[in-house]
Amino acid sequence: MTSLWNIFLVFMKIGAFTIGGGYAMIPIIKDELDKRHWIEEDELPDIIALAQSAPGILAVNVSIFTGYKIRGVKGSIAATLGTVLPSFLIIFAIAMAFSNFQDNPVVLKIFKGIRPVVVSLIAAPMISMAKKSNTTWRAWLITGLSLLGVAFLRISPIYIIMVLIVLAVTVTVMNERRMKKQL
């Protein structure tokens, strides 16, 4: 059985070395969990989907669900504290020191240089998850249309999810009716 201290340390490492928030954490979380065989490979997309649908910060939600999967409530507390503590301490230290450097051109350039890295850290796991999850041309079509709707047409993801739920229920009901007629 995995110790709570080990869960805390692994998620503290994840929290300490991730720049860019929740989505940027996904490849590191995946690597760390795969190394330790704490979850099955096909469970991470489910955990991420749950984390996205729950209110709150993605990284914290992923920690909660993963910690719970590993060791129950105590595991989720250890994972969440491990994830949040480094960010809290870093932000606290930066807040104390940043007021002296906030207009420094070098500091501004450093933060500007980090942005493309964060984008790639977010894009890489999303592409990997799409490859694993999208097994039909319809799934790829839905993914592509959703991406276009959110990124370029500025359609709220809430509306896309609501439409897809209605569409999925409609298709399921129609398929069940068709199956009953064939019997």
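Residues numbered from 1 in each chain as written. Predicted model: local features only at pLDDT ≥ 70, side-chain atom pairs only at ≥ 80, totals over all residues. Heavy atoms only, no water.

**Q** So what's going on with the environment of Leu9? Which residues, and what values?
**A** Structurally, Leu9 is set in helix α1 (residues 4-16). Judged by its relative accessible area of 35%, Leu9 is partly exposed. As a C-alpha pair, Leu9 and Leu81 span 72 residues in sequence and 9.6 Å in three-dimensional space. (Helix = DSSP H or I, 4+ residues; strand = E, 2+ residues; numbered from the N terminus. Buried < 20%, exposed > 50% of the residue type's maximum accessible area, 1.4 Å probe, protein only.)

**Q** Can you tell me about helix α6 (residues 137-151), naming the residues and giving the values?
**A** Counted at 1.5 Å a residue, the expected span for α6 with its 15 residues is 21 Å, and the 21 Å between its end C-alpha atoms agrees. Buried residues of α6: Ala139, Ser146 and Gly149, and no others. An end-on view of α6 places all buried positions within 95° of arc, on one side of the element. Those residues of α6 that are exposed and aimed more than 90 degrees away from the buried face are Trp137, Leu145 and Leu147. Buried residues belonging to α6 abut α7 (157-182). (Expected span 1.5 Å × (residues − 1). Arc of directions from axis to C-beta. Contact = heavy atoms within 4.5 Å.)

**Q** Please give an account of helix α3 (residues 43-53) that cites residues and values.
**A** Among all positions of α3, only Glu43, Leu44, Ile47, Ile48 and Ala51 are buried. Within α3, the buried residues cover an arc of 135° as seen down the axis, which keeps them to one side. Exposed residues lying more than 90 degrees from the buried face of α3 are Asp46 and Ser53.

**Q** Tell me about the pattern of salt bridges, and name the residues and values.
**A** Summed over all chains, the structure comprises five salt bridges. Taking the shortest distance from any N to any O, the salt bridge between Glu32 and Lys13 comes out at 2.9 Å. Here the residue Glu32 occupies a position in helix α2 (residues 22-36), and Lys13 occupies one in helix α1, the gap between them amounting to 19 residues. Glu32 gets classed as buried once you look at its relative accessible area, which sits at 5%. With a closest N to O distance of 2.8 Å, Asp34 and Lys30 form a salt bridge. With a gap of four residues between them, Asp34 and Lys30 both fall in helix α2, about one helical turn apart. Looking at Asp34, the relative accessible area reads 29%, which means it is partly exposed. With a relative accessible area of 26%, Lys30 lands in the partly exposed category. Residues joined by salt bridges that share partners form a network here, namely Lys13, Glu32, Lys35 and Arg36. (Salt bridge = Lys/Arg side-chain N within 4 Å of Asp/Glu carboxyl O.)

**Q** I'd like a description of the side chain of Ser146, backed by residues and values.
**A** Take Ser146: it is sitting in helix α6. Setting aside anything within four residues of it in sequence, one finds Ser146 in contact with Ile160 and Leu164.

**Q** Can you break down empty space enclosed by the protein residue by residue, with the values?
**A** In total, this model carries one cavity of 30 Å³ or more according to the counting rule given. Lining the largest cavity are Lys30, Asp34, Ile39, Glu40, Glu41 and Leu44. Residue composition of the lining of the largest cavity, by class: two nonpolar, no polar and four charged. (1 Å grid on protein atoms, 1.4 Å probe; cavity = no way out; pocket = protein on both sides within 12 Å on 5 of 7 lines; lining within 4 Å. Points joined across faces, edges and corners; volume = space filled by probe spheres on them. Nonpolar A, V, L, I, M, F, W, Y, C, P; charged D, E, K, R; others polar.)

**Q** So what's going on with the packing of α3 against helix α4 (residues 58-98)? Which residues, and what values?
**A** Contact geometry of α3 with α4 gives a least axis separation of 8 Å together with a crossing angle of 130°. Relative to α4, the element α3 is oriented oblique. For the pair α3 and α4, the crossing hand works out as right-handed. Across from Glu43, Ile47, Ile48, Leu50, Ala51 and Gln52 in α3, the residues of α4 making contact are Leu58, Asn61, Val62, Phe65, Thr66 and Lys69. Classifying every residue of the contact of α3 with α4 gives seven nonpolar, three polar and two charged. (Axes fitted to C-alpha atoms, helices over the stretch in contact; angles between N-to-C directions. Parallel < 35°, antiparallel > 145°, perpendicular 65-115°, else oblique. Left-handed = near helix turned anticlockwise from the far one by under 90°.)

**Q** Explain the layout of surface pockets to me, using residue names and the numbers behind them.
**A** Here the idea is plain: a probe the size of a water molecule rolls over the atoms and shows the empty space left. Reported here for the largest pocket is a volume of approximately 1200 Å³. For the largest pocket, the lining is made up of 26 residues, of which Gln52, Met126, Ile142, Thr143 and Ser146 are closest to its centre. Of all elements in the fold, only α3, α5 (105-133), α6 and α7 reach the threshold of two or more residues within the lining of the largest pocket. Considering every element that reaches the lining of the largest pocket, the biggest residue donor is α6, with nine residues. Residues of the lining of the largest pocket, tallied by class, amount to 18 nonpolar, seven polar and one charged.

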